[in-house]
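# Analysis of the macromolecular model
As a plain string of letters, each chain reads:
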Amino acid sequence: MATRLWSLFSVPTRIYTWINESVMNISSRILPDDQDDDDDKKRQLYSMKNLLPNNITTEEFKAHLDRYPNYIRDVYQRAEKERFVSIPQRLEDRKKRFLTKEELIYLDQWIQKRGTALKKEAHVANAKQINRNSDATVKKRTEEAYKHYDKTGDIIQTFEILKELRGVSYARASLLLSVAYPETLPFFSRPLYQWTHWDKKNGWEQEFTWTEDTYHQVLQKVKDLKDKHSRNGLMVKAIDVEKVVFVLKHETLIRALRIKKIKESLTKDENRINDTGQAFVHRVPRKCLGKGDGSVVVKRIPKTPQVLNSRNRFLAEVSSSHILSKKNQDYFVEFLGWNEDKHNLFIAMEYVEYGNLEQNLGRGPWKEKDIKETTRQLLNGLKIMHDHGIVHRDLKPQNILVVSNSPGMIQVKITDFGISKRLSDRKTTVLATVNIGTPGYKAPEVVQRWDVEDGQHQVANIDSRYSYTHKADLWSLGCIIFRMAKGKPLFDSDTEVLNEKKLKRRVTAVNGLLTEMSPSMGTGGVGFVQKLIVVKASSRYDADTALEGLAQWVISDHRPRSSLRERR
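Residues numbered from 1 in each chain as written. Predicted model: local features only at pLDDT ≥ 70, side-chain atom pairs only at ≥ 80, totals over all residues. Heavy atoms only, no water.

What follows concerns a positive patch on the surface. A surface patch of like charges, here positive, comprises K95, K96, K147 and K151. Mapped onto the elements, K96 comes out in the loop between α4 (77-93) and α5 (101-114). (Patch = residues over 30% accessible without salt bridge, like charges linked within 9 Å, V, L, I, M, F, W, Y side chains within 5 Å. Areas by Shrake-Rupley, 256 points an atom, 1.4 Å probe, with all protein chains shown as cover. Salt bridge = Lys/Arg side-chain N within 4 Å of Asp/Glu carboxyl O. Lys, Arg positive; Asp, Glu negative; His and termini not counted. Charge placed at Lys NZ, Arg CZ, Asp CG, Glu CD. Helix = DSSP H or I, 4+ residues; strand = E, 2+ residues; numbered from the N terminus.)

Shown next, in the form of structure tokens:
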């Protein structure tokens, strides 16, 4: 069967398709975590050619496999656990193997986060198709498919059986097989092909066409790697090969964003402008990094044990910062690069003169026109983030930098796309902001999840009960608008959000609080905020519907007692 399967198996990991082409021209050498970037001999030893299937040693294979968990963002954890642990275990425990509709939905969520970089609308449409399957149909088709594969070993025909389910293409069919046969069948992705068929010229950017022949070629290469590295107590599975590929590509792209000159720019201490507890913030000339005129901010983060434990996950977030700043510098703080030595991590970002939004709020309300314009810019930024699968989770005035604070000419940018939360305590964000932030802006579902993860409560099913989506950022936006309108936050702490009675009472009072005593917003603005500050996430605006709702926000004629204050 020579049918082309390109469109069916074209499943690149989402984050990699966003990297600017110029990044791929930078050295793709990979170093161990404890090596100095200046050591050319060690760099040569760990160049990509030494990590290709025919050359990678068992020790190197295992080292990269061990790193895999640290590269998975928190927002992916539920889907990861279902795909690699929970569903395979349940399949193994069943007398006859089959998937439930709920499990199919979890797997679809996994492929949305780690699969093809489609537009959100396409993923939503496919999720609706998945939901149209009945429980009985999912059970019947998957049981039939697994039985057929056990009997014949015919993967292509097994795919055809699985494709009878709504919303299941060849890509998803390969995933449904992998969870049942993790030892021998990996999820077939573009990076897996690119690594096993490495093209020295194009590397991770090489194009290819899936056919039955290439499909089986990859299967054979995966088997060869399993056989080669399954020794000395290490039993390699097909999914282990898949994970190693994920780490290799992540590290390649992250290394490409590394700038040696960052360390050299911090030769004097007088350029330090702030300390944030776990980070030291320096203002240095852009020319020190070879990045043109003006200034940049370089944050030096000492490698404490806590930082080292989260280092790989931090580096995974570095790419998000780069990607978003390249997508649109109007809405995101420019990310310039990173570096490290034995004692510190360094991050270089755009210098913004007027500081963060909290510093610009003063004690009184803003003009409604400025509130709406700030909201518009933040929503456009959130839409870009959410369309690319990135959830901020900690949006607040301290993570919004002000480029212009003149009344009628407001310009703001979003910063801290998750970097600091990898390196600091859950309750505070201190590393990628100018000041330590005030809690009280996180959505209820985020506060609950973080509280449970901190070990303060024991919940049997944390993954299903305390999960969150991109709508968490819309709650935060509502709280930020409230802060701009009233001159004070709606919630003083995350603890208030954990108390269900207090939470409900406070949310109910939003309308009255915004309209009492010389309000700075009219009924249109107040109604808009009420669509954001909704406890039940499913009933809350998302970025798209919020942008539509913003068009209905008509500026009122009244004037607030105070207006935007210039930063002193």
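What follows continues from the structure just given.
Next up on the list: the pairing of strand β6 (residues 400-404). With respect to burial, β6 is a largely interior element, four of its five residues being buried. As paired elements, β6 and strand β7 (residues 411-414) share four bridges and run antiparallel to each other. When the sheet's bridge partners are listed, L401 is paired in β7 with K413. Between β6 and the antiparallel strand that follows it, β7, lie six residues; G408 among them carries a positive phi value of about 85°. (Buried < 20%, exposed > 50% of the residue type's maximum accessible area, 1.4 Å probe, protein only. Pairing = 2+ DSSP bridges.)

Moving on, we get to the packing of helix α17 (residues 368-387) against helix α21 (residues 471-486). Interaxial distance between α17 and α21 falls to 11 Å at its minimum, and their mutual angle equals 165°. By the angle between their axes, α17 is roughly antiparallel relative to α21. When the axes of α17 and α21 are compared, the crossing they make is right-handed. Residue-level inspection shows I371, T374, T375, L378, L379, L382 and H386 of α17 in contact with α21, the latter providing D473, L474, L477, I481, M484 and A485. Of the residues in the contact of α17 with α21, the class split is nine nonpolar, three polar and one charged. (Axes fitted to C-alpha atoms, helices over the stretch in contact; angles between N-to-C directions. Parallel < 35°, antiparallel > 145°, perpendicular 65-115°, else oblique. Left-handed = near helix turned anticlockwise from the far one by under 90°. Contact = heavy atoms within 4.5 Å. Nonpolar A, V, L, I, M, F, W, Y, C, P; charged D, E, K, R; others polar.)

Our focus in this paragraph is the environment of V507. Within the secondary structure, V507 sits in helix α23 (residues 500-508). On a C-alpha basis, the gap between V507 and F491 in space is 9.8 Å, while along the polypeptide they are 16 residues apart. Those residues in contact with V507, other than ones at most four positions away along the chain, are W475, F491, I533 and V535.

Think of two packed helices as two axes; the pair is described by the angle between the axes and how far apart they sit. In the contact formed by helix α8 (residues 155-162) and helix α9 (residues 170-180), the axes pass within 9 Å of each other and the chain directions differ by 110°. Here α8 is positioned roughly perpendicular relative to α9, judged by the angle of their axes. Across from I155, T158, F159, E160 and L162 in α8, the residues of α9 making contact are Y170, A173, S174, L176 and L177. Taken together, the residues of the contact of α8 with α9 sort by class into seven nonpolar, two polar and one charged.

Below, the discussion takes up the pattern of salt bridges. What the rule picks out here adds up to 24 salt bridges. Of the charged contacts in the structure, one is a salt bridge between R83 and E242, with a shortest N-O distance of 2.7 Å. Residue R83 is found in helix α4, and its partner E242 is found in helix α12 (residues 238-256); the two are separated by 159 residues along the sequence. R83 gets classed as buried once you look at its relative accessible area, which sits at 2%. With relative accessibility at 8%, the residue E242 sits in the buried group. The partner of R172 in a salt bridge is D108, and the shortest N-O contact between them spans 2.7 Å.

Under the counting rule described, the total for this entry stands at 13 aromatic pairs. Ring geometry for Y146 against Y181: centres 6.1 Å apart, planes inclined by 75°, an arrangement best described as edge-to-face. Of the two residues, Y146 sits in helix α7 (residues 135-152) while Y181 sits in the loop between α9 and α10 (190-196), which places them 35 residues apart along the sequence. You can call Y181 buried: its relative accessible area is 8%. For the pair Y149 and Y181, a centre-to-centre distance of 4.8 Å together with 65° between the ring planes defines the contact as edge-to-face. Here Y149, found in helix α7, pairs with Y181, found in the loop between α9 and α10; they are 32 residues apart in sequence, far enough to count as distant. Three or more aromatic residues link up through ring pairs in this structure, and these residues are Y68, F84, W110, F187 and F246. Lying across the ring of F98, K139 places its NZ or CZ 4.6 Å from the centre. (Phe/Tyr/Trp six-rings, centres within 6.5 Å; stacked < 30°, edge-to-face > 60°. Lys NZ or Arg CZ within 6 Å of the ring centre and 35° of its normal.)

With that settled, consider the side chain of D494. Locating D494 in the fold gives a position in helix α22 (residues 494-498). Of the polar contacts made by the side chain of D494, one reaches the side chain of K442; its length is 2.8 Å. Those residues in contact with D494, other than ones at most four positions away along the chain, are P439, G440, Y441, K442 and V447. (Polar contact = N/O pair within 3.5 Å; in protein donor to acceptor, adjacent residues only side chain to side chain.)

Counting buried residues in α8 gives six out of eight residues, a clear majority hidden from the surface. Those residues of α8 that sit buried are I155, I156, T158, F159, I161 and L162. Between a side-chain oxygen at the N-terminus of α8 and the backbone nitrogen of I156 the separation is 3.2 Å; the capping residue is D154.

All right, on to the pairing of strand β4 (residues 335-340) then. With six of six residues buried, β4 is to be regarded as a mostly interior element. One ladder, built from five bridges, connects β4 with strand β5 (residues 344-350); its direction is antiparallel. Bridging across to β5, N339 finds its partner in F346.

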